[in-house]
Amino acid sequence: MVATLGGFLVTFMASSVNIALPLIGAEFHASAVMLSWISMSMILVSGALLLPIGRLADTYGRVRFFVFSMVLLTVALFASGFAPSAWVLLGMRALTGVCLAIGSVTSTTLVMLAYPVESRGRALGLNIGGVYLGLTVGPVLGGLIVHNLGWRSLFLIVGAAALIDVALPVWKLRHVEWREPKAGRFDLAGSVLYAVSLVMLLLGFSWLPGVAGIVLVPVSVGGLVAFIWWESKAADPLLPVSLLRRNRVFGFTNAAVLVNYAATSAMVFLMSLYLQYNRGLNAQTAGFVLVSGTFVQAAVSPFAGRLSDRLPARYVASTGMGLCVLGLLALVFLGADTAYWYIILALCVLGFGFALFSTPATHVVMGSVDKHWLGMASATIAAVRQAGMSLSTGLAALMLAVLVGRKAIKPEDYPSLLTSVRLTFLIFTVLCVGGVVASLTGPGGAAEKRQEPFAPPVKD
């Protein structure tokens with residue numbers, strides 16, 4: 001419950017804050033660039049910190065780190081609600097990114113450690129369902145709060161709710177902890193190399209096809225290659241490269257997660273443009289159309305978790321990826337007058353497929369490593385998700401820049417916009433087909449069923 005509520009609050013805030021950006025800009029006279037940084041800073045900071053925080057939480061205690069993230073989240077939200085300037089708000093959003101990184105790493109690990117093997121899938125499904133629920137209700141409920149009470153009230157209300165997720169673990173988990181023996185010195189050099197390279201990669205994709213993007217993307221890729229080389233030599237690495245080489249399930253399932261998020265994350269962005277420009281819907285009506293797929297994700301995730309307890313999880317995940325292929329393929333054939341039932345059906349198929357994929361894939365990754373590597377596995381899959389989301393957004397932005405141009409979209413650009421949307425979904429469909437293959441790759445047999453036993457907490 002504690003981990004699920006934390007996931008809901010963070011994703012609710014991440015999905016609802018975009019609704020408040022116009023009012024924030026009007027009050028602070030902030031530029032469009034500043035507003036984009038307010039939106040993007042949380043993802044940048046969390047992505048850069050995922051692997052280092054995963055290693056630190058393994059060593060110093062996952063419960064302790066989770067509680068700290070909830071305290072920090074509460075402080076950041078209340079400070080955001082009273083922010084005197086756009087720069088202060090930007091700083092608090094970056095601080096929220098630290099909370100997102102800690103929560104992403106520790107919540108999944110705590111669920112894996114707190115539940116026995118036979119019920120882990122169900123617990124993971126509920127945990128991920130809370131994340132999807134936050135994404136689902138964020139734009140709708142956040143819009144109502146901002147419209148009726150102002151943008152500051154959004155931060156203050158969620159901050160008050162975060163206090164509950166501070167009190168619950170302090171009350172229920174104050175005498176328990178899960179941690180692993182310290183194996184060596186913290187890999188500071190690897191942490192810096194990873195963080196800098198990842199931030200450059202995310203920024204580079206957002207600036208393509210401009211000169212800055214063309215320079216940053218290859219430099220960041222070189223930095224990530226250097227990071228992998230460094231980790232292969234480090235005494236106590238953030239990312240054990242040998243595990244990626246020797247554990248096919250861990251390596252290929254993470255590859256499938258990367259492909260899945262790269263092929264689906266920009267879907268809402270693209271469909272929002274299509275519905276508002278090509279179909280003439282207002283933002284509120286377009287939001288109600290788009291929420292159909294996210295609602296299915298939230299509803300199906302607990303069921304997908306239970307299913308992965310009963311069936312081989314990688315087959316459930318592969319079935320979900322296959323449904324994503326069908327949903328994306330349906331969107332390739334969008335037209336200027338496509339029936340709304342067709343659009344909603346395609347979105348629901350995508351939502352159903354994504355739910356079937358996400359929980360079992362997490363189950364497979366977390367179940368493929370020893371107990372002392374759970375924090376690292378959780379950090380790795382979270383980092384892979386964010387890399388996939390950034391790649392997805394970068395590909396979508398690149399197609400729009402090439403076919404529509406970096407300018408305000410006018411009625412004469414609508415045909416080019418539709419072409420861009422359809423071609424991007426075609427690329428995503430091809431990516432997803434490759435993801436099905438990666439998801440199916442595994443050892444099979446007894447090795448596939450290998451799971452770490454239930455781990456009782458250490459008394460502090």
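Counting of residues starts from 1 at the beginning of each chain's written sequence and follows it residue by residue. With pLDDT at 70 or above as the cut-off, local features in this predicted model cover only qualifying residues; side-chain atom pairs require 80 or more to be listed or tallied, and sums for whole chains, interfaces and linings still use all residues. Water and hydrogen atoms play no part in the side-chain values, which are based on all heavy atoms of the structure.

A. Inspection of the overall build of the chain at higher detail. What the chain contains, in helices and strands, is 17 helices and two strands. Buried, partly exposed and exposed residues are distinguished by accessible area as a fraction of the type maximum, computed with a 1.4 Å probe on protein chains only: under 20%, between the cut-offs, and over 50%, respectively. Scored against the burial criterion, the 460 residues of the chain give a buried share of 56%. Throughout, a residue-residue contact means that at least one pair of heavy atoms, one from each residue, lies within 4.5 Å. Restricting to contacts in the chain with at least 6 residues of sequence separation, those with at least 24 account for 84%. Total accessible area computed for the chain in this model is approximately 19100 Å², and 72% of it derives from carbon and sulfur atoms. Only DSSP runs of H or I reaching four residues or more are called helices, and only runs of E reaching two or more are called strands; each is numbered from the N terminus. In short, Shrake-Rupley with a 1.4 Å probe defines the accessible areas, and a residue's cover is counted only from the protein chains shown.

B. Structural context of the layout of surface pockets. Residues are said to line a cavity or pocket when one of their atoms sits within 4 Å of a point; the points come from a 1 Å grid over protein atoms alone, cavities being sets where a 1.4 Å probe fits but cannot get out and pockets being open sets with protein on both sides within 12 Å along at least five of seven lines. Grid points are joined across faces, edges and corners, and a volume is the space filled by probe spheres set on the points. Quantified by volume, the second largest pocket comes out at close to 660 Å³. Lining the second largest pocket are 23 residues, with L224, I228, L258, V384 and A387 positioned closest to its centre. Sorting the residues of the lining of the second largest pocket by element identifies α7 (188-207), α8 (211-233), α10 (248-264) and α15 (374-403) as the ones contributing at least two each. In terms of residues, the lining of the second largest pocket owes the most to one element, α15, which gives six residues. Across the lining of the second largest pocket, the residue classes tally to 19 nonpolar, four polar and no charged. In this count, Pro and Cys sit with the nonpolar residues alongside Ala, Val, Leu, Ile, Met, Phe, Trp and Tyr, while Asp, Glu, Lys and Arg are called charged and the others, Gly among them, polar.

C. The packing of aromatic side chains, seen in detail. Classification of ring pairs uses Phe, Tyr and Trp, with its six-membered ring standing for Trp, and accepts pairs whose centres are within 6.5 Å; under 30 degrees between planes counts as stacked, over 60 as edge-to-face, and the remaining range as tilted. Taken as a whole and assessed by the stated rule, the structure comprises seven aromatic pairs. Geometrically, the ring pair formed by Y194 and F227 is tilted, given 5.3 Å between the ring centres and 45° between the ring planes. Of the two residues, Y194 sits in helix α7 while F227 sits in helix α8, which places them 33 residues apart along the sequence. Taken as a pair, Y194 and F227 share a single burial class, namely buried. Judged by centre distance (5.8 Å) and plane angle (50°), the rings of Y277 and Y414 are tilted. Of this pair, Y277 sits in helix α11 (residues 267-278) while Y414 sits in helix α16 (residues 414-440); the two residues are 137 residues apart in sequence, bridging distant segments of the chain. Residue class for Y277 comes out partly exposed when judged on its relative accessible area of 30%. Feature note: the residues F28, W151 and F155 constitute an aromatic cluster, connected by ring pairs. Whether a charge sits over a ring comes down to the Lys NZ or Arg CZ being within 6 Å of the ring centre and within 35 degrees of the ring normal. In this structure, R279 is placed above the aromatic ring of Y340, and the distance from its NZ or CZ to the ring centre is 4.5 Å.

D. Focus on the pattern of salt bridges. Here, a salt bridge means any Lys or Arg side-chain nitrogen found within 4 Å of an Asp or Glu carboxyl oxygen. Going through the model one piece at a time under the given rule, you end up with one salt bridge. Among the salt bridges present, the one from E27 reaches R152, with a minimum N-O distance of 2.7 Å. One end of the pair, E27, is in helix α1 (residues 2-28); the other, R152, is in helix α6 (residues 151-172), with 125 residues separating them in the sequence.

E. Structural detail: the nonpolar core. Side-chain atoms within 4.5 Å link the members of a nonpolar core, which is a set of buried Ala, Val, Leu, Ile, Met, Phe, Trp, Tyr and Cys residues. Counting 113 residues, the largest nonpolar core has I24, M271, L334 and F425 as the members making the most contacts within it. Contact partners of F425, with chain neighbours within four places excluded, come to M267, L270, M271, L328, L331, V332 and L334.

F. Representation of the confidence of the model for the chain. Per-residue confidence for the chain gives a mean pLDDT of 78; residues scoring 70 or more make up 83%. Confidence per residue, as judged by the predictor, is encoded in pLDDT with a range of 0 to 100. Per-element mean pLDDT across the chain ranges from 40 in helix α17 (residues 445-448) up to 90 in helix α13 (residues 313-332). Segment residues 443-460: pLDDT under 50, and 43 contacts once partners within four positions in sequence are set aside and those in other chains are kept.

G. Spotlight on empty space enclosed by the protein. Within the structure shown, the criterion is met by two cavities of 30 Å³ or more. Counted as a void, the second largest cavity has a volume near 30 Å³. Forming the walls of the second largest cavity are T253, R314, A317, F357, A361, V364 and S439. Listing elements by their share of the lining of the second largest cavity, those giving two or more residues are α13 and α14 (340-367). The greatest single-element share of the lining of the second largest cavity, amounting to three residues, is contributed by α14. A breakdown of the residues in the lining of the second largest cavity according to their chemical character gives four nonpolar, two polar and one charged.

H. Layout of the side chain of T96. Topologically, T96 is positioned in helix α4 (residues 86-114). In this view, T96 contacts M42, L73 and A76; residues no more than four positions away in its chain are not counted.

I. Focus on the packing of α13 against α16. A fitted line through C-alpha atoms serves as each axis, taken over the contacting stretch for helices, and the angle formed by two N-to-C directions is quoted from 0 to 180°. Two numbers describe how α13 lies on α16: the axes approach to 8 Å, and their chain directions differ by 165°. Taken together, the axis directions place α13 and α16 in an arrangement best described as roughly antiparallel. Along this stretch, α13 crosses α16, giving a crossing that reads as left-handed. Here R314, Y315, A317, S318, M321, G322, C324, V325, L328, L329, L331 and V332 of α13 come into contact with α16, specifically with R422, F425, L426, F428, T429, C432, V433, G435, V436, S439 and L440. For this classification, under 35 degrees means roughly parallel, over 145 means roughly antiparallel, 65 to 115 means roughly perpendicular, and everything else is oblique. Take the far helix as the reference: if the near one is turned anticlockwise from it by less than a right angle, the crossing is left-handed, and if turned clockwise, right-handed.

J. Here's a closer look at the environment of A167. The residue A167 is located in helix α6 in this model. Through-space distance from the C-alpha of A167 to that of V67 is 8.9 Å; in sequence the pair is 100 residues apart.

K. Looking closely at a nonpolar patch on the surface. Exposure above 30% relative accessible area and no salt bridge define the residues that can form patches, which grow by joining like charges within 9 Å and nonpolar side chains of Val, Leu, Ile, Met, Phe, Trp and Tyr within 5 Å. A cluster of nonpolar side chains, contributed by V402, L403, L423, L426 and V430, occupies part of the molecular surface with about 420 Å² of accessible area. Those elements that place two or more of their residues in the nonpolar patch are α15 and α16. As for its placement among the helices and strands, L403 is situated in helix α15. On the accessibility criterion, L403 (32% relative accessible area) is partly exposed.

L. Representation of the packing of α10 against α13 in the model. It is the contact of α10 with α13, at a shortest axis distance of 11 Å, that shows an interaxial angle of 20°. Taken together, the axes of α10 and α13 lie roughly parallel to each other. As α10 runs across α13, the sense of the crossing is left-handed. From α10, A256, N260, A263 and T264 reach across to α13, where they touch M321, C324 and L328. Residue composition of the contact of α10 with α13, grouped by class: five nonpolar, two polar and no charged.

M. Inspection of the side chain of S392 at higher detail. Following the sequence through the fold, S392 ends up in helix α15. Those residues in contact with S392 that sit more than four places away from it in its chain are Y261, A262, T264, S265, A266 and F428.

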